[in-house]
Amino acid sequence: METTGFFGNWGGSYIPEILNQTFNQLKNEYTKAKSDPDFWQEYIDLMSTYSCRPTPLTYAENLTNHFGGAKIFIKREDLNHTGAHKANNVMGQGLLVKRMGKKRVIAETGAGQHGMATATMAAKFGFECTIYMGEVDVERQRPNVFWMEKMGATVIPVQDGSRILKDAINEAFRDWVSNIDTTHYVLGTACGPAPFPEMVSWFQSIIGIEAASQILIQHGKPPARVFACVGGGSNAMGIFQGFMNDSTVELVGVEAGGKGIRSGRHASRLCGNDASPGVAQGYKTMFLQNDDGQMLETHSVAAGLDYVGVSPILSDLWDKKRVRFESATDKEVMEALDLTMKMEGIIPALESTHGFVQAFKEASQLSPDDAIIINQSGRGDKDIFTIAHAFNDPSWKEFIIALGSEYKKQSRKCSLEREQDTR
Ligand SMILES: *Cc1c(COP(=O)(O)O)cnc(C)c1O
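Below: a short report on this structure. The shown structure was predicted, so the numbers you read here are calculated from the model rather than taken from an experiment. (Residues numbered from 1 in each chain as written. Predicted model: local features only at pLDDT ≥ 70, side-chain atom pairs only at ≥ 80, totals over all residues. Heavy atoms only, no water.)

Looking at the overall build of the protein chain
Stage number 1. The helix and strand inventory of the protein chain stands at 15 helices and 14 strands.
Stage number 2. With the principal axes as the frame, the protein chain shows a C-alpha extent of 75 × 55 × 50 Å.
Stage number 3. Sequence separation of 24 or more characterises 73% of the internal contacts of the protein chain that already satisfy a separation of 6 or more.
Stage number 4. Surface exposure of the protein chain reaches about 18500 Å², of which carbon and sulfur atoms provide 52%.
Stage number 5. In the protein chain, 43 side chains carry a positive charge and 51 a negative one; their mean positions are 2 Å apart. (Helix = DSSP H or I, 4+ residues; strand = E, 2+ residues; numbered from the N terminus. Contact = heavy atoms within 4.5 Å. Areas by Shrake-Rupley, 256 points an atom, 1.4 Å probe, with all protein chains shown as cover. Lys, Arg positive; Asp, Glu negative; His and termini not counted. Charge placed at Lys NZ, Arg CZ, Asp CG, Glu CD.)

Here it is, written out as structure tokens:
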């Protein structure tokens, strides 16, 4: 990777001057860590004792027989602490923060997954932690907000703009500018100004390093194709790096097709025709924006893929045709999820399931001598409300309604008890 922060035409570091010093400190610390084998060993030790590394590579025998082509392997990032690959990034950044001697971390979060991961890291390292979250998302993601607060984080609902992820990002930057000496901003994906895209990808490369040696042991040769969903691009960059230099391995990134890539209701930047080059949020990439450079509304059934930009490293790999980009619709995702649960007893996150959709479309074109790997970036338990709604499960509806009235009963009882206590 390049050291200028540019990847071909993409990337850079378009930041306010006031942040220069902090970014230089971060770049220096990251560069030092990268050339220090002790740092990587400390990272591996942490991830194998606090998270579940190495995560297994699971042979999906039933799905393989069902499609009758390539052997399907699943890289199990869902088995990480807090249920997704996000742990790899936040824990790595936590170690860097410790080295920089800072005591406070901030982060933005949309669906709450990155906020959760950051809050666990802050608790573990003893950092003060503030999470910015759009007010709309705070309401939608109550359980995550509850746990973040229980782990000691302060969650600040952002009331600006449309009160979602992009507004939370702006607010987090504002905080950082006012508290640069004490605070590190834990960016959640392989986007943003340099060194974040490269640094986050480096931490996530642990996925690809493990998968590359696991597939040799379990299959005897490299895979024909590797599939990963692409939101900001960090889990995809993570697994792709294990196979980047082997031109016989085809790399496939799958974006959110939402209601279809011609519907205007999706989050496909590199697949389809709706994105164009732009500079926003500190970096240059393909953004879903209008002719005036205003960001468009995006849609996906998977909150983690619902983002206007994409890793500048992936934009470059798209330019160079090293990675092929496809998209999966919400409907296709539900079908692939249903099949995976029934055949393998595995519940992939809605985000991850996008990779499964494309792998299922291609498996039968390949021979049984070939293997394909799907990166299962996270587990689907968190998606129970969305999934149950999509499957239109009648007993679940009853449960939610009953839960509502039970909750009202409980809170009435609690406030009564509290009144009695204070008397
Ligand atoms: C956040 C998230 C994603 C999207 O982020 P990337 O940076 O594109 O990996 C994908 N899958 C899961 C499970 C997530 O939580």
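From this point, the narrative continues.
A closer look at the site of the ligand
Stage number 1. Not every one of the 15 residues close to the ligand is listed here, only the nearest: K86, T189, G231, S234 and S377.
Stage number 2. Residues from two domains meet in the shell around the ligand; each of domain 1 (6-49 + 84-196) and domain 2 (52-83 + 205-385) gives at least three. (Near = heavy atom within 4 Å. Domains from an automatic or database assignment.)

Here we look at the environment of W318
Stage number 1. Considering the arrangement of structural elements, one finds W318 in helix α11 (residues 312-319).
Stage number 2. Accessibility expressed as a relative area gives 27% for W318, which makes it partly exposed.
Stage number 3. Placed 16 residues apart in sequence, W318 and A302 show a C-alpha to C-alpha distance of 23 Å. (Buried < 20%, exposed > 50% of the residue type's maximum accessible area, 1.4 Å probe, protein only.)

Overview of the side chain of E77
Stage number 1. Mapped onto the elements, E77 comes out in the loop between β4 (71-76) and α4 (86-100).
Stage number 2. Engagement of the side chain of E77 in a polar contact is seen with the side chain of N80, the distance being 2.8 Å.
Stage number 3. Once you skip the residues sitting within four places of it in the chain, E77 turns out to touch R53, T55, G83, A84, H85, N88, I207, N375, Q376 and S377. (Polar contact = N/O pair within 3.5 Å; in protein donor to acceptor, adjacent residues only side chain to side chain.)

Some thoughts on the sheet that holds strand β8 (residues 183-185)
Stage number 1. Reading across the sheet, the four strands line up as β7-β6-β5-β8 and stay open at both edges, with parallel pairing between neighbours. Of all the strands in the sheet, the pair left with one neighbour each is β7 (154-158) and β8. Across the sheet, the mean angle from the axis of one strand to that of its neighbour is 25°, orientation sign disregarded.
Stage number 2. Judged from the six bridges that link them, strand β5 (residues 104-109) and strand β6 (residues 128-134) form a sheet pairing that is parallel. Bridge pairing links E108 to Y132 in β6.
Stage number 3. Strands in contact with helix α8 (residues 165-178) are β5, β6, β7 and β8; relative to β5, the strand with the most contacts, it is inclined by about 160°. (Pairing = 2+ DSSP bridges. Axes fitted to C-alpha atoms, helices over the stretch in contact; angles between N-to-C directions.)

Comments concerning the sheet that holds strand β9 (residues 225-229)
Stage number 1. If you trace the six strands from one edge of the open sheet to the other, you get β3-β4-β14-β9-β10-β13, paired in mixed fashion. Across the chains shown, the open sheet's two edge strands, defined by having one partner strand only, are β3 (57-59) and β13 (323-329). Between one strand axis and the next, the sheet turns through 25° on average, direction left out of account.
Stage number 2. The pairing of β4 with strand β14 (residues 371-376) spans six bridges and is classified as parallel. Pairing of K75 across the sheet is with N375, part of β14.
Stage number 3. The sheet strands contacting helix α12 (residues 330-344) are β10 (250-258) and β13, and the helix crosses β13 at an angle near 85°.

A look at the environment of A328
Stage number 1. Residue placement: A328 occurs in strand β13.
Stage number 2. A residue is classified by how much of its surface remains accessible, and A328, at 0% relative accessible area, is buried.
Stage number 3. With 256 residues separating them in the primary sequence, A328 and I72 have C-alpha atoms 18 Å apart.
Stage number 4. Filtering out sequence-adjacent residues up to four positions away, A328 remains in contact with V254, E255, A256, G257, G258, V333, H354 and V357.

Focus: the pattern of salt bridges
Stage number 1. Overall, the coordinates contain 29 salt bridges when judged by the stated rule.
Stage number 2. Among the salt bridges present, the one from E198 reaches K34, with a minimum N-O distance of 3.2 Å. Placement of the pair is E198 in helix α9 (residues 196-219) and K34 in helix α1 (residues 20-34), with a sequence separation of 164 residues.
Stage number 3. Given a relative accessible area of 14%, E198 falls into the buried group.
Stage number 4. Note on K34: relative accessible area 40%, which makes it partly exposed.
Stage number 5. Across the salt bridge formed by R104 and D175, the nearest N and O atoms sit 2.8 Å from each other. Here the residue R104 occupies a position in strand β5, and D175 occupies one in helix α8, the gap between them amounting to 71 residues.
Stage number 6. D175 sits in the buried class, given a relative accessible area of 7%.
Stage number 7. Each of R225, E250, R324, E326 and E362 takes part in one network of salt bridges that share partners. (Salt bridge = Lys/Arg side-chain N within 4 Å of Asp/Glu carboxyl O.)

Thoughts on the packing of α4 against helix α5 (residues 113-125)
Stage number 1. Where α4 contacts α5, the axes come no closer than 9 Å and their chain directions differ by 40°. Taken together, the axes of α4 and α5 lie oblique to each other. With respect to the hand of their crossing, α4 and α5 are arranged in right-handed fashion. Each of K86, N89, V90, M91, G94, L95 and K98 in α4 lies in contact with α5, whose residues at this interface are Q113, H114, A117, T118, T120, M121 and F125.
Stage number 2. Grouping the amino acids of the contact of α4 with α5 by side-chain chemistry returns six nonpolar, six polar and two charged. (Parallel < 35°, antiparallel > 145°, perpendicular 65-115°, else oblique. Left-handed = near helix turned anticlockwise from the far one by under 90°. Nonpolar A, V, L, I, M, F, W, Y, C, P; charged D, E, K, R; others polar.)

Some points on the packing of aromatic side chains
Stage number 1. As enumerated under the stated definition, the model contains 22 aromatic pairs in all.
Stage number 2. Measuring from centroid to centroid gives 5.7 Å for Y30 and W202, while their planes differ by 65°, and the two rings are edge-to-face. With a gap of 172 residues between them, Y30 in helix α1 and W202 in helix α9 connect regions that are remote in the sequence.
Stage number 3. For Y30, a relative accessible area of 4% gives the class buried.
Stage number 4. Note on W202: relative accessible area 13%, which makes it buried.
Stage number 5. Relative to F203, the ring of Y43 has its centre 5.5 Å away and its plane inclined at 50°; by these criteria the two rings are tilted. On the criterion of sequence distance, the pair formed by Y43 in helix α2 (residues 37-50) and F203 in helix α9 is long-range, its members being 160 residues apart. (Phe/Tyr/Trp six-rings, centres within 6.5 Å; stacked < 30°, edge-to-face > 60°.)

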